[in-house]
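Residues per chain are reported as follows:
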Amino acid sequence: MPAEPEDNLDSVIADLVDEDESTEQNGTSPLEEMQESADVEFSGPAVQLTERAADQVRHIRKDEDLDDDLCLRVAVEGGGCSGLSYKLGFDFESEEDEIIISQGIKIIVDPKHMMYLKGISVDYPDGLDARGFTFDNPNASETCGCGSSFAT
């Protein structure tokens, strides 16, 4: 029996659960440690989607028959080839979230993650050499070959 859309959403949300649940012995998470050591100034617009990315988000929302109250969450988590990985998923807005509208899509970002995401552009190339969501982060000092992780 195929998984219900709600089961898939639970899986996505579980992947996005904040770093607060994975703390190290000293009580801080890897993301918190990177925030404390980051000495980077960010500039540019807030998180934005290209038209292709927004079309793909709408397509996923329609195919999965998702609740209208779900928003696109853009996040980061510790890990990946370069230190931090990007995360995308549908989630319910919390009181702490920053809200951004791009291409008519409501995007939510935890303020703790914004310092890594401010100015990022999310695209969805659909060509022979690339397919899937990609991230253009002007604040990344290095990125990995797969494009899904970065360092500041």
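Residues numbered from 1 in each chain as written. Predicted model: local features only at pLDDT ≥ 70, side-chain atom pairs only at ≥ 80, totals over all residues. Heavy atoms only, no water.

Explain the overall build of the chain to me, please; I cannot follow it from the model alone.
Secondary structure summary: the chain contains 4 helices and 9 strands in total. Across the 152 residues that make up the chain, the buried fraction comes to 38%. Contacts in the chain between residues far apart in sequence, at least 24 positions, make up 59% of those at least 6 positions apart. (Helix = DSSP H or I, 4+ residues; strand = E, 2+ residues; numbered from the N terminus. Buried < 20%, exposed > 50% of the residue type's maximum accessible area, 1.4 Å probe, protein only. Contact = heavy atoms within 4.5 Å.)

Would you mind going over the sheet that holds strand β7 (residues 134–136) with me for this structure?
Through backbone hydrogen bonds, the strands of a sheet pair up, either in parallel or in antiparallel fashion. Reading across the sheet, the 3 strands line up as β1-β6-β7 and stay open at both edges, with mixed pairing between neighbours. Taken across any chain shown, the strands that pair with only one partner, and hence form the sheet edges, are β1 (48–49) and β7. Relative to β7, strand β6 (residues 121–123) runs antiparallel, the two being bridged by 3 bridges. Its bridge partner being in β7, V122 is matched across the sheet by F135. (Pairing = 2+ DSSP bridges.)

I tried to follow the environment of I107 on my own but got confused; where do I start?
With respect to the helices, strands and loops of the structure, I107 is situated in strand β5 (residues 105–109). Note: C-alpha distance between I107 and L70 (37 residues apart in sequence) is 9.6 Å.

Looking at this structure, I do not really get the side chain of D91. What am I missing?
Topologically, D91 is positioned in strand β3 (residues 84–92). One polar contact links D91 to R73, side chain to side chain, over a distance of 2.7 Å. (Polar contact = N/O pair within 3.5 Å; in protein donor to acceptor, adjacent residues only side chain to side chain.)

Teacher, can you tell me more about the nonpolar core here?
Nonpolar side chains in soluble globular proteins tend to be buried together. The biggest cluster of nonpolar side chains holds 24 residues, and the ones touching the most others in it are V47, L49, I105, I107, V109 and L117. Per-element tally for this core: the top contributor is strand β2 (residues 70–78), with 4 residues. Apart from residues lying up to four places away in sequence, V47 is in contact with V74, I100, S102, I107, V109, M114, L117, G119 and I120. (Core = buried A, V, L, I, M, F, W, Y, C linked by side-chain atoms within 4.5 Å.)

What should I look at first to understand a negative patch on the surface in this one?
On the surface, D65, D67, D68 and D69 cluster together into a negatively charged patch. Looking at where D69 falls in the secondary structure, it is placed in the loop between α3 (51–64) and β2. Under the relative-accessibility criterion, D69 is labelled exposed at 54%. (Patch = residues over 30% accessible without salt bridge, like charges linked within 9 Å, V, L, I, M, F, W, Y side chains within 5 Å. Areas by Shrake-Rupley, 256 points an atom, 1.4 Å probe, with all protein chains shown as cover. Salt bridge = Lys/Arg side-chain N within 4 Å of Asp/Glu carboxyl O. Lys, Arg positive; Asp, Glu negative; His and termini not counted. Charge placed at Lys NZ, Arg CZ, Asp CG, Glu CD.)

Would you mind going over the confidence of the model for the chain with me for this structure?
For residues with low pLDDT, the predicted coordinates do not support detailed interpretation. Mean pLDDT for the chain: 74, with 59% of residues reaching 70 or above. Per-residue pLDDT stays below 50 along residues 1–14; that stretch engages in 10 contacts with residues further than four places along the chain or on separate chains. (pLDDT = per-residue confidence, 0-100.)

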